[in-house]
Amino acid sequence: MADTIATDIPADLAQVAQEKGIPLDVVRRGLALGFPPDVVKTQLNMPGVTAEAAEQFISEQERIRAGGEITIPPELAELAHAKGWPDDLLIRALKLGAPVAMMINQINAGITPEQAAGFIATQEALRGGEGGALQLDLSWMKVPTEWGVRVRAGKHGLTVGGINVGTYADIPDYWPYQTEMPRGAYPIPGVPSMGYSIFEKAELWSDNSADLYEEAIQRRWAPSTDIPWDTLEDLPSDVEKAFCQLSTALCEKALVVGDVIGRWLPEMSYGYHEVKLYLSTAEFDCARQFEVFRKRAFSNGGGMAVQSPGYLHRAIIDCRFWTEASSVMFILHNSFIMGLYEIGLATAHNRAEYRIFSLCQQDISRQLAYGVDHLKYFLSRHIERRQEVNHFLNKAEAVFSYEWTKDTPLREALMILLGGGTEPSQMATGAARLEYFWGRWVNAYADRLKSATLGDRREKLHPSLRKYAELPAAAAA
Amino acid sequence: MTQEATTAKATFPSVDWFNAVKEIVNNDPNFRRIGTCDAEMGVKIPDLGKYYKITFEAFEVGDIAEVDEAVAEDTDFWLEMPYARWKEMIQNIKDNARADLHHTLNTIDLEDPEGFARSNDGYRRDAFYRFNQTFQYFFDITYMIETTFV
């Protein structure tokens, strides 16, 4: 018993033993048998545990470990046989030190022999070492990944881009794994495919994704508290209705973009987590856009207005290729959204409205930045697909233009906001100013596509947009 | 805008004036709280022939320099308008302790057919939108400076 005596007893366990009147020597003998301190403590805390019962239990365990025969108490045997528990399972449980009363309780509670067998096998594996000590595998500690990485925080803090060091900075052109394994981890065989469909870097990558993710997290805001809602003031009825029409349209567009991002995220393989991280924040930005414009509509005497025709929404949702979806949604659609925000800023009646639109500008411009940078990366790897990009933009611009002709509520609402009311002179002013803002966003759209290395698309724009573009020849004149 | 007292005197436009702004915002926790910003902003006052380059890096304003016109334009975007309009904007900020809704960077940009924020690149110009709260805060804080005009 020398080893037993040498075993240390944790202070909290010793305290429980003393409170229950259990000799510390019995506790030491239990620990020496390999029972974890927490298990011993739990057992001691059970009702009815006495020094005699503890001594009897430990003595029986020591006898069993010494090679003594294990006997099944009659009351346990009778119940177990009635419930279909085989003797060998009972013996294995008793050998592990399971108290008879607990086993009776478990059997009465409906635990099946199969369930018990699984649990007992796990416990046996854990105590499989000599003397009942825990036997760990630990081969996973020899994982052949790069180790010893110790990245320091820089001016921006410890960023997602900043921890791309050593082999972890290797972002392959093709991701060969179909599972959710993080980039840089060590693959194991047999893990089921997760059903991703985008494995080529060129089909989703943008160099700015990691920075955009950090930016989105850093520059987050809360519509509930960051908008000075108390600066809202009553507006003329027709102006309030126009504002609510604009708010309704922006709520709808936010939901569509959020849905589309959510539909594509599960297609993107784990090798390009920077993109997945950024897009998850973009999805949150969409939720915030929906939230803030719904709150605005419900906070100044108005409500929800008329839904949009939805032709462009359907065109975005129907894209079969992420680069197409990204370009149409983040560059074309969001250039238009940015135009709507500019109209909102130009017609803001108070600090609340101004702040709403200026904060939304920040969020949507990150989506624009991803869209442009991704298209640029895609074209750098697939120059042969430039014509295809122009083709899907032709299609999307045509649908957009058709939608605009059908979206009378939004068109008229914008004119009312820009003109200040529904009087003929106000509508005339509004119509003229709408043309001005239309020109701003169309040219910004063309400039973004040029930055994406698609070339100057002004002459290729759909005719309904081209008339607003500053064509190179006209600009020179 | 937590600081109340005028903390510096400087003449606009000058490197000293921009450095005075930098000194205030880099010691202002509210500026840091807006979030990280990485952008190069040019400032052009063509009728004075004055051009500046201001670098925003992480949570701070970095280098400020008087430069030639080409360098001012080799930025993400530059802010350009005649001196009288710069003066009007800065005076408006001084009078209101921040820009009123007709004198924000955004509204000035929207009212100018040529644009107040200009760039040679559509992607880089979007930095004006991406970090608009930072840039507006930078100019709004100038109400704390006792500005003299040339």
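Values in this document were obtained by computation on a predicted structure and should not be read as measured data.

Peer 1: Tell me about the overall build of chain B, residues and numbers included.
Peer 2: Counting secondary structure elements, chain B contains eight helices and seven strands. By the compact-globule yardstick of 15 Å for 150 residues, chain B fits well, its C-alpha radius of gyration being 14 Å. Once the C-alpha set of chain B is aligned to its principal axes, its extents read approximately 40 × 35 × 30 Å. The 150 residues of chain B split such that 46% are buried. A fraction of 66% describes how many contacts in chain B between residues 6 or more apart in sequence connect residues 24 or more apart.

Peer 1: Describe the overall build of chain A, listing the residues and the values that go with them.
Peer 2: A count of helices and strands for chain A gives 21 helices and zero strands. Scaling as 2.2 N^0.38, a compact globule of 477 residues should have a C-alpha radius of gyration of about 23 Å, whereas chain A reaches 35 Å, well beyond that. Counting only C-alpha atoms, chain A reaches 105 × 55 × 50 Å along its principal axes. Going through the 477 residues of chain A one by one, you find that 35% of them count as buried.

Peer 1: Kindly report on the sheet that holds strand β5 (residues 77-80) of chain B, identifying the contributing residues and their values.
Peer 2: Residues and elements named next belong to chain B. With mixed pairing, five strands are arranged side by side in an open sheet as β4-β3-β2-β5-β6. With one partner strand each, in any of the chains shown, β4 (60-66) and β6 (117-118) form the two edges of the open sheet. Judged from the four bridges that link them, strand β2 (residues 39-45) and β5 form a sheet pairing that is parallel. Paired with K44 across the two strands is E80, which belongs to β5.

Peer 1: Give a description of helix α19 (residues 424-451) of chain A that names residues and reports values.
Peer 2: In a regular helix each residue adds 1.5 Å, so 28 residues correspond to 40 Å; α19 of chain A covers 41 Å between its end C-alpha atoms and thus fits that length. Burial in α19 of chain A covers these residues: G430, W441, V442, A444, Y445, A446, D447, R448, L449 and S451 of chain A. Residues of α19 of chain A that are buried sit in contact with α15 (322-346), α16 (351-381), α18 (408-419) and α20 (463-466) of chain A together with α6 (122-125) of chain B. Just beyond α19 of chain A, the residue with positive phi is T453 of chain A, at close to 70°.

Peer 1: Any details on the nonpolar core? Residues and values, ideally.
Peer 2: Within the largest apolar cluster, 90 residues are counted, with the highest numbers of intra-cluster contacts made by L246, I316 and L417 of chain A. At 15 residues, the largest contribution of residues to this core is made by α15 of chain A. For L417 of chain A, the residues in contact, after removing those within four places along its chain, are V239, A242, F243, L246, I343 and T347 of chain A. Of all hydrophobic cores here, the second largest spans 40 residues; its members include V43, I93, A117 and A127 of chain B.

Peer 1: Lay out the environment of L110 of chain B with the relevant residues and their values.
Peer 2: Position of L110 of chain B among the secondary structure elements: in helix α5 (residues 105-111). Dropping the residues within four chain positions of it, L110 of chain B is found in contact with E342, L345 and A346 of chain A.

Peer 1: I'd like a rundown of unusual backbone geometry, residues and numbers included.
Peer 2: Cis geometry is found at the peptide bond from F12 of chain B to P13 of chain B, where omega equals 0°. Within the secondary structure, P13 of chain B sits in the loop between β1 (8-12) and α1 (15-25). A positive phi angle, near 70°, is found at T453 of chain A, a position not held by glycine. Topologically, T453 of chain A is positioned in the loop between α19 and α20. Even without glycine at this site, A58 of chain B takes up a positive phi of about 55°. Among the secondary structure elements, A58 of chain B is positioned in the loop between β3 (50-57) and β4. Judged by C-beta crowding, with 17 C-beta atoms within 10 Å, A58 of chain B ranks as partly exposed.

Peer 1: An account of the interface of chain A and chain B is needed here, citing residue identities and associated values.
Peer 2: In this assembly, 24 residues from chain A lie in contact with 17 residues from chain B. Secondary structure elements with two or more residues in the side of chain A that touches chain B: α10 (209-218), α15, α16 and α19 of chain A. In terms of residue count, the dominant contributor to the side of chain A that touches chain B is α16 of chain A (nine residues). Residue composition of the side of chain A that touches chain B, grouped by class: eight nonpolar, seven polar and nine charged.

Peer 1: Tell me about the confidence of the model for chain A, residues and numbers included.
Peer 2: When pLDDT drops low, the exact placement of atoms in the prediction is not to be read closely. Scored by pLDDT, chain A comes out at a mean of 91, with 95% of its residues at no less than 70. In the predicted structure, residues 1-6 of chain A sits below a pLDDT of 50 and forms five contacts with residues beyond four places in sequence or in another chain.

Conventions adopted
Position labels on residues start from 1 in each chain and follow its written sequence. For naming, the first written chain is A and the first written ligand is 1, with later ones following in the order written. With pLDDT at 70 or above as the cut-off, local features in this predicted model cover only qualifying residues; side-chain atom pairs require 80 or more to be listed or tallied, and sums for whole chains, interfaces and linings still use all residues. We count a stretch as a helix when DSSP gives it H or I for four or more residues in a row; a strand needs E for two or more, and each element gets its number in order from the N terminus. Computation of the radius of gyration draws on C-alpha atoms, with the globule rule given as 2.2 Å multiplied by the number of residues to the power 0.38. Remark: C-beta atoms are placed from the backbone, and a residue is labelled buried if 20 or more other C-beta atoms sit within 10 Å of its own, exposed if 12 or fewer do, or partly exposed between those counts. Our contact criterion uses C-beta atoms placed from the backbone: two residues qualify when those atoms are within 7 Å. Whether two strands pair depends on DSSP finding at least two bridges between them. One fewer than the residue count of a helix, multiplied by 1.5 Å, yields its expected span. Any set of buried Ala, Val, Leu, Ile, Met, Phe, Trp, Tyr and Cys residues joined through C-beta atoms within 7 Å is what this text calls a nonpolar core. Basically, the charged four are Asp, Glu, Lys and Arg, the nonpolar ten are Ala, Val, Leu, Ile, Met, Phe, Trp, Tyr, Cys and Pro, and anything else, Gly included, counts as polar. How sure the predictor is of each residue is captured by pLDDT, a score from 0 to 100.

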